[in-house]
Amino acid sequence: MDHYITAFGRINSTQASRNGKRFWSNQEGLKLADSLKAIYKILGMNYLKFFKMDEMSKLGVLGAEILLKDLNLTYQAHEIGILMLTSESSLFTDQKYFETISDSQNYFPSPSLFVYTLPNIVMGEIAIKNNLKGENICFVQDQFKSHLLFDYANYLLTRGSQKALLLAFIDVTKNDYECFMILIENNIKNNFGSFTSSRIEELYCNE
Amino acid sequence: MQEIYLIGESMISALGSSLEIHQEKITQNSSGLQIHSLGISETELPLGLLNWALLENDFQALKLNETYSRFEKLMVLAAQQAVAKAGIDPSSPNCIFIISTTKGNIELLDPKHPLHDQSSRIHLWSSAQQISRYFNNPNEPMVISNACVSGVMALNWGAELLRMKKYETAIVIGGDIISHFVLSGFQSFKSLSAKACKPFDRERDGLSLGEASACIVFSRTQLADIALLAGASHNDANHISGPSRTAEGMYYAVKDAISYAEIDLNQIDSISAHGTATPYNDEMEAIGLQRLGLQNVPTHSLKGFWGHTLGAAGIIESAALAWSMRVNALLPTCGFKELGVSVPIEISDTISYKPIHYALKLASGFSGINSALIFKKS
Amino acid sequence: MDELIHQLKIEIISCLNLEGLSPEEIDATQPLFNEGLGLDSIDALELIVLMDKTYGLKIVEASKGKEIFYSVGTMAKYIMENTKS
C-alpha cells in the first residue's frame, strides 16, 4: 500500500509552522521557555500537564499538536506509532538534573527532573496527550537522517500493524531548539507528497 | 518472517565476564547482587556492580587506553567477545553496529571526569562512533535509547536491517554502568529495594540496579540453532513512569510479535519476563500474561542475578534466553520464593529441563513502552 | 499555622509547576491527589523532596506519605509537629 505525508510542522527559535504555513513568529526574540508558552497559547491548548514537562517534551507535545489538532484520525489507538530521532538526546535536562546532585551540601535529587532524563519520554507524553498506543522508537544520531526515519517507518507500515506514524526530529540545547514532525498515512487526501526518503529530506531542508 | 540467526553472544555482569560463568551461576541460582554503599547519600544498597579491577586486564589486552571511557571499554569488550565467537569480520561494510544504552557516558557531565573536556563524547552517537571505530567498521553506528526496552528494540531492528538485506551481519551491543547520576535518580524515585530484588515474589518491594554489557551478533546467512523471528512494541499511553494496570501495551506487543512470527501463542515454551520486582511492573506483566492465555507457561526473570541493567537488560537477558533454549532449560528466578501477583502465573524458581522450541522475551520501560521478541530453536 | 499553610501552597505551586493556580484556589482540606488537585506519583516524590529540602523532614516510609500528603492541612500539621522552632 502506498503511503503519503498528510501533515508536517516545525518549531524553532524563529517560527512555528503547519504544512509550510507560518503561524507564529518569534518577533520579540523570546527564549525557549517563553516561546513554548506562546505557542501553547496560540494553539489554544488547555492541558495543565504541559507545564510539568521538561522543555524537550513540551516541544514534542506542541509539535504533535500542530499536526494532529484539526485532524480526526480514525485509526485505532494501537495503530498509530511515533518514531523519533534526536542528536542531543535528553542532555539539556540531564544537565539540570545533574545540578540537583552535584553539590553535597545541597543534595536533593529531583524525581520530576530525573524522569525526563530519557529522550523517549517525549514519546510517552505525546502518546498520553493524544492516546496513541502504537509502536515507539528513539534513535540518537549526529544529525537529521531522513533515510533512517524512512527505513524504520517503512518497516512498520509494510508489515501492516501501524496505519499512521508520527515522525519527529527533536533537539533542545542551551542556545537553540528544533522540532520537525511529519505524519504518514495511507490516506491520499490532503497529501504533501508520497512517503519517500527524499521527500522527507526535502520538507526538512526546504521550509 | 525470515529467521535471523544468533551466531555469537557475550555477557558481562556482576556474575562475571564470560558466558561460562553466567551459565554456571544461573544454573546454581546464585546471585551477583551484593550490598554496597555508594554515592553522596552512602546508603547501603544491593547492587550488581562489575568487578572493574578484574576487567582492567581484559581492557589492557584489547589496548583500550584512557582515551576510552569505562562505558566504551565495556561495550568494546562485550562486542569483541561476541565477534570472536561469531567469527565474523567487524570491519566489513556489510556489518552494522547497533548500540543500546540509556545513559552511555553520562559520567562525563562531571567536571572532574578526565574525559569531561571531550564534550562531544557525552553524546550517545559520538560514544557509539568511538566504539565502532575500534573495530574499523565503516558504517555509521545506530543508537537506540528507548529506556529499559532499548536492548530488545535494538535486537529487533538489527534483525530487521538484515531482513531488508541492507547488511549481512549486525553487532548489537547493550550496556549501561552505574553512575551517581542513575543511582541517585532511582533513589529519588523510591524504586530501589533495600534487599536484593525478588521478582514476582510476595515480599518484593523494588528493584536492584546493576551494570552490565552484552552483545548479540546476528547473521542473515550463517545458520545457527537459535533465531530471532519477530518483535513488536506498543505504548500504554497511561503514565510516563508507571505501567498500565491492564497491561495494554504489553498485550498488543506480544500479539503483534506472535502474528509476525507466524506462530500461535500456545507454541511458546518459555518466557523471559522484564520482572524488575517493583510492585507495579510485575503485577502488570502477570495481568498481561493472563490476558494472553500464557499464565501456565514457565516464566522467569533474571534481574535477581545481576539487577536491572537498563540498556543492557534486553540483550543480556536475550543472550541468557538463547543459551537456555540450546540446553532446553527453564531458568530460575533468583530471589523468588512465593508468588505475589494477583493472578496465578507460572514462575520458575529452580532450573528444570524441558524441550524449548519457541521463547518470548518481554521488556517494559519508562514512557509507557512495552516490547516483545520471539525466538525460535531449529 | 495559617501562615505556614499559605507558605506551603506557594511552595507546592512552584515546585510542582501548577501553572495558573493561585494559593487562594487551593483549599487546605482538599485532597492533593486524585479527585482533588489531581497530583500523581511523581508529584508525591517531589513533595518528599520539598519536605526534606525546605523543612529538613525526611519521609522514609511510603505508607506514612499517604497520610502526610493527604492535603495541605495535613502537611502543615506534620511540619508543625515535627519541627522545633
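Owing to the predicted nature of the structure, the values given are computational and were not obtained by experimental measurement. (Residues numbered from 1 in each chain as written. Chains lettered and ligands numbered in written order. Predicted model: local features only at pLDDT ≥ 70, side-chain atom pairs only at ≥ 80, totals over all residues. Heavy atoms only, no water.)

> Explain the interface of chain C and chain A to me, and be specific about the residues and the numbers.
Contacts between chain C and chain A engage twelve residues on the former and eleven residues on the latter. Buried surface at the junction of chain C and chain A, summed over both partners, amounts to about 970 Å²; 62% is from carbon and sulfur atoms. In this structure, Lys37(A) engages Glu19(C) in a salt bridge whose closest nitrogen and oxygen atoms are separated by 2.9 Å. Where chain C meets chain A, there are five residue pairs in polar contact (both at pLDDT 80 or more). Across the side of chain C that touches chain A, the residue classes break down as six nonpolar, one polar and five charged. (Contact = heavy atoms within 4.5 Å. Buried area = accessible area lost by both parts, 1.4 Å probe. Salt bridge = Lys/Arg side-chain N within 4 Å of Asp/Glu carboxyl O. Polar contact = N/O pair within 3.5 Å; in protein donor to acceptor, adjacent residues only side chain to side chain. Nonpolar A, V, L, I, M, F, W, Y, C, P; charged D, E, K, R; others polar.)

> Any chance you could break down the interface of chain B and chain A for me, citing the residues and the numbers?
Every contact between the two is made by 54 residues of chain B and, on the other side, 50 residues of chain A. Together, the buried faces of chain B and chain A total about 4300 Å²; carbon and sulfur atoms form 63% of this surface. Ranking the residues of chain B by area buried against chain A places Trp157(B), Phe181(B) and Ile240(B) at the top, with a combined share of 14%. For the interface between chain B and chain A, the tally reads four salt bridges. For Glu248(B), the salt bridge is made with Lys133(A), and the minimal N-O distance between the two is 3.8 Å.

> Let's hear about the state of the cysteines: which residues, and what values?
Counted under the stated rule, the structure contains zero disulfides over all chains. Not part of a disulfide, Cys205(A) finds its nearest cysteine sulfur in Cys179(A), a span of 16 Å. Cys205(A) sits in the partly exposed class, given a relative accessible area of 47%. Unpaired in terms of disulfides, Cys148(B) finds its nearest cysteine sulfur in Cys197(B), a separation of 13 Å. Take Cys148(B): its relative accessible area is 11%, and that puts it in the buried class. (Disulfide = S-S within 2.5 Å. Buried < 20%, exposed > 50% of the residue type's maximum accessible area, 1.4 Å probe, protein only.)

> I'd like a rundown of the side chain of Gln141(A), residues and numbers included.
For Gln141(A), the location among the structural elements is in the loop between strand 5 (136-140) and helix 6 (146-159). Given the relative accessible area of 2%, Gln141(A) is considered buried. Apart from residues lying up to four places away in sequence, Gln141(A) is in contact with Leu85(A), Thr86(A), Ser87(A), Leu148(A), Trp125(B), Glu140(B), Pro141(B), Met142(B) and Val143(B). (Helix = DSSP H or I, 4+ residues; strand = E, 2+ residues; numbered from the N terminus.)

> Please provide a residue-by-residue account of the pairing of strand 2 (residues 15-18) of chain A, values included.
Residue and element names in this part refer to chain A. Pairing between strand 1 (residues 4-12) and strand 2: three bridges, direction antiparallel. Across the sheet, the residue bridging to Ile11 is Ala16, located in strand 2. Between strand 1 and strand 2, which pair antiparallel one after the other, the connecting turn spans two residues. Hairpin connection from strand 2 to strand 3 (residues 21-25): two residues lie between these consecutive antiparallel strands, with Asn19 at a positive phi of about 50 degrees. (Pairing = 2+ DSSP bridges.)

> Describe the nonpolar core, naming the residues involved and giving the relevant values.
Ranked by internal contacts, the top residues of the largest apolar core, which has 115 residues, are Leu166(A), Ile171(B), Ile173(B) and Leu209(B). Looking at this core, the element that brings in the most residues is helix 3 (residues 70-86) of chain B, giving ten residues. Split by domain, this core shows at least three residues from each of two domains, domain 1 (4-219) and domain 2 (227-377) of chain B. Other than its neighbours up to four places away in sequence, Ile173(B) contacts Met75(B), Ala78(B), Ala79(B), Phe97(B), Ile98(B), Ile99(B), Ser100(B), Ile131(B), Ser213(B), Ala214(B), Cys215(B) and Ile315(B). Listed in part, the 76 residues of the second largest apolar core include Ile26(B), Tyr167(B), Ile315(B) and Ile369(B). (Core = buried A, V, L, I, M, F, W, Y, C linked by side-chain atoms within 4.5 Å. Domains from an automatic or database assignment.)

> Tell me what's going on with the domain arrangement of chain B, and back it up with residues and numbers.
All names here are of chain B. The domains assigned to chain B are domain 1 (4-219) and domain 2 (227-377). Centre-to-centre separation of domain 1 and domain 2, based on C-alpha positions: 20 Å. The interface of domain 1 with domain 2 comprises 65 residues on the first partner and 64 residues on the second. For the pair domain 1 and domain 2, the number of links is three salt bridges. Taking the shortest distance from any N to any O, the salt bridge between Glu9 and Arg326 comes out at 3.0 Å. If you look at where domain 1 meets domain 2, you find 21 residue pairs in polar contact (both at pLDDT 80 or more). Mapped by element, the contributors of at least two residues to the side of domain 1 that touches domain 2 are strand 1 (4-12), helix 1 (19-27), helix 5 (150-163), strand 6 (169-176), helix 6 (180-188) and strand 7 (212-219). Here the residues of the side of domain 1 that touches domain 2 are counted per class, giving 31 nonpolar, 24 polar and ten charged.

> Can you explain empty space enclosed by the protein? Please cite residues and give values.
By the definition in use, this model includes one cavity of 30 Å³ or more. Every residue lining the largest cavity is listed: Glu88(A), Ser89(A), Leu91(A), Asp94(A), Thr102(B), Lys103(B), Ile106(B), Ile122(B) and Leu124(B). The class makeup of the residues in the lining of the largest cavity is four nonpolar, two polar and three charged. (1 Å grid on protein atoms, 1.4 Å probe; cavity = no way out; pocket = protein on both sides within 12 Å on 5 of 7 lines; lining within 4 Å. Points joined across faces, edges and corners; volume = space filled by probe spheres on them.)

> Go over helix 3 of chain B, please, and point to the residues and values.
An α-helical turn contains 3.6 residues, so a residue and the one three or four places further along point in the same direction. Residues and elements named next belong to chain B. Counted at 1.5 Å a residue, the expected span for helix 3 with its 17 residues is 24 Å, and the 24 Å between its end C-alpha atoms agrees. Counting buried positions over the 17 residues of helix 3 gives 13, a clear majority of the element. A positive backbone phi angle near 65 degrees is found at Gly87, which sits one or two residues after helix 3. (Expected span 1.5 Å × (residues − 1).)

> Run through the pattern of salt bridges, naming residues and quoting values.
In the structure shown here, the tally under the stated rule is 28 salt bridges over all chains. The closest approach of N and O atoms between Arg163(B) and Glu160(B), which form a salt bridge, is 2.8 Å. Within this pair, Arg163(B) and its partner Glu160(B) are both found in helix 5, separated by three residues, close to a single helical turn. With a relative accessible area of 11%, Arg163(B) lands in the buried category. The shortest N-O distance in the salt bridge between Asp52(C) and Lys58(C) comes to 3.1 Å.

> Can you lay out the packing of aromatic side chains for me, pointing to particular residues and giving the numbers?
Centre-to-centre distance and the angle between the planes together describe a pair of aromatic rings. Counted according to the given criterion, the structure contains 27 aromatic pairs over all chains. Ring geometry for Phe180(A) and Tyr204(A): centres 5.2 Å apart, planes at 70 degrees, overall edge-to-face. Of the two residues, Phe180(A) sits in strand 7 (residues 177-185) while Tyr204(A) sits in helix 7 (residues 197-206), which places them 24 residues apart along the sequence. By the burial criterion, Phe180(A) is buried, and Tyr204(A) matches it. Joined through ring pairs, the aromatic side chains of Tyr97(A), Phe114(A), Phe181(B), Phe186(B), Phe189(B) and Phe366(B) make up one cluster. The cationic tip of Arg18(A) hangs over the ring face of Phe23(A); the distance from NZ or CZ to the ring centre is 5.4 Å. The lysine or arginine in question, Lys129(A), covers the ring of Tyr47(A), its NZ or CZ lying 5.3 Å from the ring centre. (Phe/Tyr/Trp six-rings, centres within 6.5 Å; stacked < 30°, edge-to-face > 60°. Lys NZ or Arg CZ within 6 Å of the ring centre and 35° of its normal.)

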